[in-house]
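Breakdown of the fold
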Amino acid sequence: MFSSYGEPEELRLAEAPVPSPGPGQVLLRVHAAGVNPVDWKIRAGLLKDFFPVSLPHVLGVEAAGVVVAVGEGVTARSVGDEVFGPVSGAYAEYALAGADRLGAKPADLDWGAASGLHSSAETAYRTLELLKVTAGDTLLVHGAAGSVGGLVVQFAVAAGARVVATASEANHDYLRELGAVPVSYGEGVFDRIREAAPDGVDAALDAVGGAVAGSVELLGGPERVVSIVDPVEAESAGARFTGGGDADYTAQALERALALHAAGTLRLPIRATFPLAEAAEAHRLSARGHGRGKIVLIP
Ligand SMILES: NC(=O)c1ccc[n+]([C@@H]2O[C@H](COP(=O)([O-])OP(=O)(O)OC[C@H]3O[C@@H](n4cnc5c(N)ncnc54)[C@H](OP(=O)(O)O)[C@@H]3O)[C@@H](O)[C@H]2O)c1
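So, a few notes on the structure that sits alongside this text. (Residues numbered from 1 in each chain as written. Predicted model: local features only at pLDDT ≥ 70, side-chain atom pairs only at ≥ 80, totals over all residues. Heavy atoms only, no water.)

Two orientations exist for strands paired in a sheet by backbone hydrogen bonds: parallel and antiparallel. Taken in spatial order, the six strands of this open sheet run β8-β7-β6-β9-β10-β11, and their pairing is parallel. Here the strands that pair on one side only, and so sit at the sheet edges, are β8 (181–183) and β11 (240–241). In the packing of helix α7 (residues 212–219) onto the sheet, the strands contacted are β6 (138–142), β9 (203–206) and β10 (225–227), and the crossing angle to β10 comes to about 170°. (Pairing = 2+ DSSP bridges. Helix = DSSP H or I, 4+ residues; strand = E, 2+ residues; numbered from the N terminus. Contact = heavy atoms within 4.5 Å. Axes fitted to C-alpha atoms, helices over the stretch in contact; angles between N-to-C directions.)

As structure tokens, then:
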């Protein structure tokens, strides 16, 4: 938890009473918690005007674990179920979750990957819905090696779209394995994208920041350009920003991700795993903004 906004060192281990599940909730024994960029942004105070939290605050929006208690009216989940999905205060040994929004963890999906699947899959699914990506479209993804970007590529390819995707060269083979045409970012990136997609691009996602205006110019308009990073940049280019999860999208996204897992093709690499006591180190790594896949905490 942290008691003041600030540097990663503000994160500290503390004892707290085990919470009791309210109506519709379950209590999880957390086996792994997914770390997301939003966590360090909240801790640093960057989101306090839009997303205020009461302090001290236990971070973490997703986890995988075992149900150890159920609240009133819960029928969807039982004690002993292995589950994953949206959780509040996931950086903890025990955390509460809405029973209806959790997915059943497949026995062959490890705890770390399961803990990090929900947030990125929900965001990927949501953005593809907003961009109306269908078979035959060419989709541009800025930041495709990241946790969200990687799932956007996989969902789009599975839907029959062609994907051009930006990442550093270290991640190009990974993007090819996902079915995308990789392009290096940096100076001249839009020239390289035009070469990689000579017939044009139909829709674009900025999952990094700074790529909205160039994407609007490339597409010839903002209608099918979405940012998940910067609302101000999106607004000034006339494009759309999406920032919030949605229960309907969660169910669809988990279904889609689990279908890829069942087919043996889901890729959600683990960038690094840290014990809960080293959450500060996990935040430093996340804030660097490079590398592929999820960062995971083990309580
Ligand atoms: N609005 C929402 O609903 C929502 C939801 C989830 C996440 N987000 C935001 O979306 C962003 C991505 O999240 P994430 O979890 O996917 O992050 P992540 O896993 O940390 O991935 C970041 C990725 O960005 C790539 N990258 C860095 N600079 C780049 C550049 N200039 N051009 C292209 N790629 C670049 C890195 O690849 P290399 O290693 O190849 O550099 C890395 O793979 C974060 O800002 C996060 O806060 C928003």
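Once that is clear, we can look at helix α10 (residues 279–288). For an α-helix, 3.6 residues make a turn, and residues three or four places apart therefore share a direction. If you check which residues of α10 are buried, you get Ala 279, Ala 280, Ala 282, His 283, Leu 285 and Ser 286. Contacts from the buried residues of α10 go to β1 (25–35), α1 (37–44), β12 (270–275) and β13 (294–298). Downstream of α10 by a residue or two, Gly 289 has a phi angle that is positive, lying close to 75°. (Buried < 20%, exposed > 50% of the residue type's maximum accessible area, 1.4 Å probe, protein only.)

Size it by volume and the second largest pocket reaches roughly 650 Å³. Around the second largest pocket, the lining comprises 24 residues; the ones closest to its centre are Ala 14, Ala 16, Tyr 91, Ala 92 and Glu 93. The set of elements that each furnish at least two residues to the lining of the second largest pocket consists of β4 (94–98) and α10. Looking at the lining of the second largest pocket element by element, the count peaks at three residues for β4. Its residues placed into classes, the lining of the second largest pocket shows 19 nonpolar, two polar and three charged. (1 Å grid on protein atoms, 1.4 Å probe; cavity = no way out; pocket = protein on both sides within 12 Å on 5 of 7 lines; lining within 4 Å. Points joined across faces, edges and corners; volume = space filled by probe spheres on them. Nonpolar A, V, L, I, M, F, W, Y, C, P; charged D, E, K, R; others polar.)

Inspection of the entire model under this criterion finds two aromatic pairs. Ring centres of Phe 2 and Tyr 5 lie 5.9 Å apart, and the angle between their planes is 50°; on these two criteria the pair is classed as tilted. On the basis of relative accessibility, which here comes to 25%, the residue Tyr 5 falls in the partly exposed class. In this arrangement the basic side chain of Lys 105 is found over the ring face of Trp 111, its NZ or CZ atom lying 4.6 Å from the centre. A cation over an aromatic ring shows up here: Arg 256 above the ring of Phe 155, its NZ or CZ 6.0 Å from the ring centre. (Phe/Tyr/Trp six-rings, centres within 6.5 Å; stacked < 30°, edge-to-face > 60°. Lys NZ or Arg CZ within 6 Å of the ring centre and 35° of its normal.)

Within strand β3 (residues 82–86), four of the five residues are buried, which leaves it mostly tucked inside the rest of the structure. The sheet contact formed by β3 and strand β5 (residues 103–104) spans two bridges and is antiparallel. Bridge pairing in β5 places Val 83 opposite Ala 104.

Bringing the pairing of strand β7 (residues 162–166) into the picture now. Burial analysis of β7 places four of its five residues in the buried class, the great majority of the element. Relative to β7, β6 is paired through five bridges, and the arrangement is parallel. In the strand pairing of β7, His 142 is matched with Thr 166. The β-α-β motif built from β6, the intervening helix α4 (residues 147–158) and the parallel element β7 has right-handed crossover chirality. In the sheet, β7 pairs with β8 via three bridges, with the strands oriented parallel. If you follow Ala 165 over to β8, its bridge partner there is Pro 182. Handedness of the crossover is the feature at issue here: the chain leaves β7, passes through helix α5 (residues 172–178), returns alongside β8, and the resulting connection is right-handed. (Right-handed = clockwise from strand over helix to strand, strands pointing away.)

Functional significance is not addressed by these values, which are geometric in nature.
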